[in-house]
There are 2 protein chains.
Amino acid sequence: MFGFSFRPRKANSAQTAKERLQILLAHERGSGSSPEYLPILQKEILEVVRRHLKVADDAVDIRLERGDDLSSLEINIEVPTGGASTATQN
Amino acid sequence: MFGFSFRPRKANSAQTAKERLQILLAHERGSGSSPEYLPILQKEILEVVRRHLKVADDAVDIRLERGDDLSSLEINIEVPTGGASTATQN
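Residues numbered from 1 in each chain as written. Chains lettered and ligands numbered in written order. Predicted model: local features only at pLDDT ≥ 70, side-chain atom pairs only at ≥ 80, totals over all residues. Heavy atoms only, no water.

Visitor: Where do I start with the overall build of chain A in this structure?
Guide: Along chain A, the regular secondary structure elements total two helices and three strands. Reading chain A from its N end, one meets helices and strands in the order α-β-α-β-β. Looking at chain A as a whole, 47% of its 90 residues qualify as buried. Total accessible area on chain A is roughly 4500 Å²; 49% of this is exposed by carbon and sulfur atoms. (Helix = DSSP H or I, 4+ residues; strand = E, 2+ residues; numbered from the N terminus. Buried < 20%, exposed > 50% of the residue type's maximum accessible area, 1.4 Å probe, protein only. Areas by Shrake-Rupley, 256 points an atom, 1.4 Å probe, with all protein chains shown as cover.)

Visitor: Is there a simple way to explain the nonpolar core in this structure?
Guide: Nonpolar side chains in soluble globular proteins tend to end up buried together. Counting 33 residues, the largest nonpolar core has A:Leu21, A:Ile45, A:Val49, B:Leu21, B:Ile45, B:Val49 and B:Ile77 as the members making the most contacts within it. The residues contacting B:Ile45, other than those within four sequence positions of it, are A:Ile45, A:Val48, B:Ile23, B:Leu25 and B:Ile75. (Core = buried A, V, L, I, M, F, W, Y, C linked by side-chain atoms within 4.5 Å. Contact = heavy atoms within 4.5 Å.)

Visitor: Could you clarify how one ought to interpret the side chain of B:His27 in this entry?
Guide: Considering the arrangement of structural elements, one finds B:His27 in strand β1 (residues 19–28). Engagement of the side chain of B:His27 in a polar contact is seen with the side chain of B:Tyr37, the distance being 2.6 Å. (Polar contact = N/O pair within 3.5 Å; in protein donor to acceptor, adjacent residues only side chain to side chain.)

Visitor: Got a minute to help me understand the pairing of strand β3 (residues 70–79) of chain A in this structure?
Guide: It is a general feature of regular strands that their side chains alternate between the two faces of the sheet. Residue and element names in this part refer to chain A. Within β3, eight of the 10 residues are buried, which leaves it mostly tucked inside the rest of the structure. Two elements, strand β2 (residues 60–66) and β3, share seven bridges in a ladder whose sense is antiparallel. Looking at the pairing, glutamate 65 lines up with serine 72 of β3. (Pairing = 2+ DSSP bridges.)

Visitor: In this structure, what is going on with the confidence of the model for chain A? I would like to understand it.
Guide: Low pLDDT means the predicted atomic positions in that stretch should not be read closely. Of all residues in chain A, 63% have pLDDT values of 70 or greater, and the mean over the chain is 76. Ignoring residues within four places in sequence, the model shows residues 86–90 of chain A, a span with pLDDT below 50, making eight contacts including any to other chains. (pLDDT = per-residue confidence, 0-100.)

Okay, structure coming up:
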């Protein structure tokens with residue numbers, strides 16, 4: 001496997017009470033093509049997540065990094081506890 | 001930050017020629033609610049990715065793990081080199 005492995009980070013006690021969703025996306029390119037689609041993919045993945053979770057705009061942290069052969073997108077979302085029910089209204 | 005840190009895995013030379021997309025998703029739950037939506041989210045994220053990448057069915061590897069307070073979803077996709085153009089037909 002390439003890319004990234006899961007290495008759980010020890011959350012401190014203040015963090016454990018909250019509910020969080022983290023999405024990491026890594027595109028390793030063989031031919032040096034640059035994936036312009038990552039910003040669009042980010043928007044569309046957030047739309048998908050919002051169908052299932054109540055997500056406040058200010059609860060989303062996004063980091064997009066583009067290297068020569070590796071681009072990564074990290075989306076961190078704080079979910080209101082119990083927010084994982086089907087989001088009725090967005 | 002909670003969840004997972006990116007720890008790039010050293011790809012061996014046979015792997016570097018290929019183009020790959022890896023999506024890791026971790027849901028850390030405070031209240032022990034179990035996110036039944038992960039399998040649905042997985043399906044919908046793949047649909048989003050397919051709008052941008054040509055993805056063959058057999059090029060997708062999915063791992064879903066559910067723990068008490070942490071569930072994770074890993075999607076590994078091998079992309080045909082140059083497959084990162086807008087996918088015309090799926």
